[in-house]
Amino acid sequence: MPVLHQWDYLFAFGIIFAALDAFMIGANDVANSFATSVSSKSLTLRQACIAAAIFEFLGSVLVGARVADTIKSGIISNDIFQGNAGVQLLAFVCALVSSSGEFWLTIATRNSWTVSTTYSIVSAIAGVGVAVGGPNAPNWGWNNGKGLATIFAGLGIAPAISAVFGSCVYLLIKFIVLVRDDPTRWALMTSPFFFFLVGSICTMSIIYKGAPSLKLTELSDSTLAAAIVVTGIVLAILSLIFWAPFVHAKVVKKDYTIRWYHFFMGPLLWRRQPPADAGDHDAVPDYRIRNEDHEGGHTKTEETSDTDSEKEKEKATSDRTPAQQPSSKLAKEVEDPHPIEGAWAEPKNLWIIARYKAVPFVKKALTHGTSVDVHALQAGEENTASGRRLMAVHERAKQYPNDTEHLYSFMQVFSACTASFAHGANDLSNAIGPFSVIYHVWSTGTTAGGKSPVPVWTLVFGASMLVIGLATYGYNIMRVLGNRITLHSPSRGFSMELGAAITVILASNFGLPVSTTMCITGSTIGVALCNGDYKAVNWRAIGWIYLGWILTIPIAVSCKYLLRAGYPTHETFIAQGTFAGCVMAIILNAPHF
């Protein structure tokens, strides 16, 4: 039974804004993680949403942190609350409101601005420290890698390190495989090594970042090293047994009749005979972002080609005489197999509206977030300044054979799913960590110490909201990432994700709080520069991304500083609509020292 009944409304606000925060993490942060896989065509948007739903949820619930840092990353000290449970409850409610419900994270996601949800909650808690204990309450210094100074340092350090690792991985693939005379053969020959590499790194990612509750880091260094190496070796052996014969039949033999379930046939596929017309069909997807016109020496995006064909149709239609122009009303009547005849309130019309109008509309609305054409959004509009600039960026990058790229799509999906598992296990605490403090204080009436338990139901609740956020609104972030920054392909995307994972692992070992958003962006830049031309990067897009990161910190902090300066003048919040009403209710009825 809750002890602090007089502050039930604070707990209610905590639930609402924890849900909104988890929703925004799914829409903003998870979308960052899967943008490379969708942009390179290794996964469709719907497949990415399904994969994220599975692995983010499993990571959150199965191995998510059962114990959360009460004071996030050591930003503020528990002593500033002086044992006042009510003030601590209020502080963390305000932190969640500032992180999720206030202007920044919600508006940023609405306007396709990529921000760091980790930095948002950390900055909000720093603002809480200022509001409660004054300007000196937060740890502004380095504080053994946990102070606010690391936030500013991470803006440059994390992307730079990630760019180095991403470029190293891609250069390894490029010079060993892609630039060879027979790249597909070399990709098959070297695939066990890359499977070993991705298996080892993804295992480290789970150990050091994604599974704190399993306490695997408490094992001896030799045991951890053996587990990492053995996992990589096992994955390499499995790739030789199952993956190699599967892709050989599909890529080399051009067997277009092979299906995903044939993968489990393993070595039997070496003897599988392809159909007689195998060479006449495409056995692998087309991973090219642009179609290349070799005769004219020009390039154009696939979306541009589609636009051209649509314009030709429109021109042919406009050339018709008025008598030839079809009546839009008549066309609509012909196309509608279930028209409304008579009064809409008639029983038969009510059935038509419910069955053939409302149901398809609701279905379309619910699945819109998983059916959007992200590549068309990333390509931009033709004959505009941004469209021409993006085309010039893509022309700086060479596209390699589809057969070769297809081999790396498997590794990219594997690394993306592992990173998603680790992300769900770790980064959901940005929303559920503060909420666990709220629940602890509200239910026990005592201040939470250095650690507070995290009930499993809160992890299920947060993971569900996270998945919903990606499935409904994640495309709005993906539209400004991926091919909007540089040309993507499975080999490039795999290198980007692996470079980001290596950076996160190193940062976790050294106790540096880095953002996965910053790491994947830095790795994307590093891989793009491997094209040998700095113009292969859309630097304007990078500038907007950096601006979003930088603005996150002062906005989240300053909103909470107003709680300290604005106690007597809470009228200033009135113009902020619903958000103002919530904050005003908190302030007017808040517990005091």
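The structure this text deals with has already been given above.
We now turn to the structure provided with this report. (Residues numbered from 1 in each chain as written. Predicted model: local features only at pLDDT ≥ 70, side-chain atom pairs only at ≥ 80, totals over all residues. Heavy atoms only, no water.)

Considering the overall build of the chain
Next, step 1: When helices and strands are tallied, the chain shows 21 helices and four strands.
Next, step 2: Sequence-distant contacts in the chain: of pairs separated by 6 or more residues, those separated by 24 or more amount to 79%.
Next, step 3: Per element, the accessible surface of the chain, about 26700 Å² overall, is 63% carbon and sulfur. (Helix = DSSP H or I, 4+ residues; strand = E, 2+ residues; numbered from the N terminus. Contact = heavy atoms within 4.5 Å. Areas by Shrake-Rupley, 256 points an atom, 1.4 Å probe, with all protein chains shown as cover.)

Focus: helix α8 (residues 221-252)
Next, step 1: Its axis deflected by about 45 degrees at Ser239, α8 carries its strongest bend there.
Next, step 2: Backbone geometry just downstream of α8 places Lys254 in the positive-phi region, at approximately 60 degrees. (Bend = angle between axes of the 7 residues up to and from the residue.)

Thoughts on helix α15 (residues 429-444)
Next, step 1: With 16 residues, α15 extends 21 Å between its outermost C-alpha atoms, agreeing within 8% with the 22 Å of an ideal straight helix rising 1.5 Å per residue.
Next, step 2: The set of residues buried in α15 consists of Asn430, Ala431, Ile432, Gly433, Pro434, Phe435, Ser436, Val437, Ile438, Val441, Trp442 and Ser443.
Next, step 3: Looking one or two places after α15, you find Gly445, whose phi comes out positive at around 80 degrees. (Expected span 1.5 Å × (residues − 1). Buried < 20%, exposed > 50% of the residue type's maximum accessible area, 1.4 Å probe, protein only.)

Some thoughts on a nonpolar patch on the surface
Next, step 1: Judged by side-chain polarity, Val229, Val230, Ile233, Val234, Ile237, Leu238, Leu240 and Ile241 come together as a nonpolar surface patch covering roughly 630 Å² of accessible area.
Next, step 2: Inspection of the secondary structure assignment puts Leu240 in helix α8. (Patch = residues over 30% accessible without salt bridge, like charges linked within 9 Å, V, L, I, M, F, W, Y side chains within 5 Å. Salt bridge = Lys/Arg side-chain N within 4 Å of Asp/Glu carboxyl O.)

Some words on the nonpolar core
Next, step 1: The biggest cluster of nonpolar side chains holds 79 residues, and the ones touching the most others in it are Phe34, Tyr408, Met478 and Phe494.
Next, step 2: It is helix α18 (residues 490-509) that provides the largest number of residues to this core, a total of eight residues.
Next, step 3: Beyond its immediate sequence surroundings of up to four residues, Phe494 is in contact with Val169, Ile173, Phe194, Val198, Tyr408, Met411, Gln412 and Ser415.
Next, step 4: Counting 35 residues, the second largest nonpolar core, distinct from the first, contains Ala18, Leu89, Ala91 and Ile121. (Core = buried A, V, L, I, M, F, W, Y, C linked by side-chain atoms within 4.5 Å.)

What about the state of the cysteines?
Next, step 1: Tallying each qualifying case throughout the model produces zero disulfides.
Next, step 2: Left without a disulfide partner, Cys202 is nearest to the cysteine sulfur of Cys417, which lies 9.6 Å away.
Next, step 3: Residue Cys202 is classed as buried on the basis of its relative accessible area, which comes to 6%.
Next, step 4: For Cys417, a relative accessible area of 10% puts it in the buried group. (Disulfide = S-S within 2.5 Å.)

Things to note about the packing of aromatic side chains
Next, step 1: All told, the structure shown has 19 aromatic pairs when counted by the stated rule.
Next, step 2: Seen from their ring centres, Phe242 and Phe263 are 6.0 Å apart, and the 25 degrees between their planes marks the pair as stacked. Taken together, the positions of Phe242 in helix α8 and Phe263 in the loop between α8 and β2 (290-293) put the pair 21 residues apart, joining distant regions of the chain.
Next, step 3: A centroid spacing of 6.1 Å and a plane angle of 80 degrees characterise the contact between Trp243 and Phe410, whose relative ring orientation is edge-to-face. With a gap of 167 residues between them, Trp243 in helix α8 and Phe410 in helix α14 (residues 402-427) connect regions that are remote in the sequence.
Next, step 4: Classification of Trp243 by relative accessible area gives buried; the value is 3%.
Next, step 5: A network of ring pairs unites the aromatic residues Phe195, Phe242, Trp243, Phe246, Phe263, Phe264 and Phe410 as a single cluster.
Next, step 6: Sitting over the face of the ring of Trp186, Arg180 holds its NZ or CZ atom 4.0 Å from the ring centroid. (Phe/Tyr/Trp six-rings, centres within 6.5 Å; stacked < 30°, edge-to-face > 60°. Lys NZ or Arg CZ within 6 Å of the ring centre and 35° of its normal.)

Quick look at the packing of helix α1 (residues 8-39) against helix α2 (residues 45-62)
Next, step 1: Two elements in contact, α1 and α2, have axes whose closest approach is 10 Å; the angle formed by their N-to-C orientations is 135 degrees. As far as their axial angle goes, α2 and α1 are oblique. Judged by the twist between their axes, the crossing of α1 over α2 is right-handed. Taking contact as the criterion, the partners of Val30, Phe34 and Val38 in α1 are, on α2, Leu45, Ala48, Ala51, Ala52 and Glu56.
Next, step 2: Here the residues of the contact of α1 with α2 are counted per class, giving seven nonpolar, no polar and one charged. (Axes fitted to C-alpha atoms, helices over the stretch in contact; angles between N-to-C directions. Parallel < 35°, antiparallel > 145°, perpendicular 65-115°, else oblique. Left-handed = near helix turned anticlockwise from the far one by under 90°. Nonpolar A, V, L, I, M, F, W, Y, C, P; charged D, E, K, R; others polar.)

Some remarks on the environment of Val454
Next, step 1: Residue placement: Val454 occurs in the loop between β4 (451-453) and α16 (456-473).
Next, step 2: On the accessibility criterion, Val454 (8% relative accessible area) is buried.
Next, step 3: For the pair Val454 and Ser429, spaced 25 residues apart in sequence, the C-alpha separation works out to 9.4 Å.

Digging into the environment of Asp280
Next, step 1: Along the chain, Asp280 turns up in the loop between α8 and β2.
Next, step 2: Note on Asp280: relative accessible area 65%, which makes it exposed.
Next, step 3: When the C-alpha positions of Asp280 and Lys254 are compared, they lie 8.7 Å apart, and in sequence the two are 26 residues distant.

Points about the pattern of salt bridges
Next, step 1: Evaluation of the coordinates by the stated rule reveals four salt bridges.
Next, step 2: When the shortest N-O distance is used, the salt bridge between Lys254 and Asp403 registers 2.4 Å. With Lys254 in the loop between α8 and β2 and Asp403 in helix α14, this pair connects stretches of sequence that are 149 residues apart.
Next, step 3: The salt bridge involving Arg272 is made with Asp255; its shortest N-O contact spans 2.7 Å. Remark: Asp255 occurs in the loop between α8 and β2 and Arg272 occurs in the loop between α8 and β2; sequence separation between them is 17 residues.
Next, step 4: Residue classification places Arg272 among the partly exposed positions, given a relative accessible area of 23%.

As for the packing of α15 against α16
Next, step 1: One can describe the packing of α15 onto α16 by two numbers: an axis separation of 11 Å at closest approach and a directional angle of 140 degrees. As far as their axial angle goes, α16 and α15 are oblique. Two packed elements cross with a definite hand, and for α15 against α16 that hand is right-handed. In contact with Ile432, Phe435 and Tyr439 of α15, α16 contributes Trp457, Thr458, Leu459 and Gly462.
Next, step 2: When grouped by side-chain class, the residues that make up the contact of α15 with α16 number five nonpolar, two polar and no charged.

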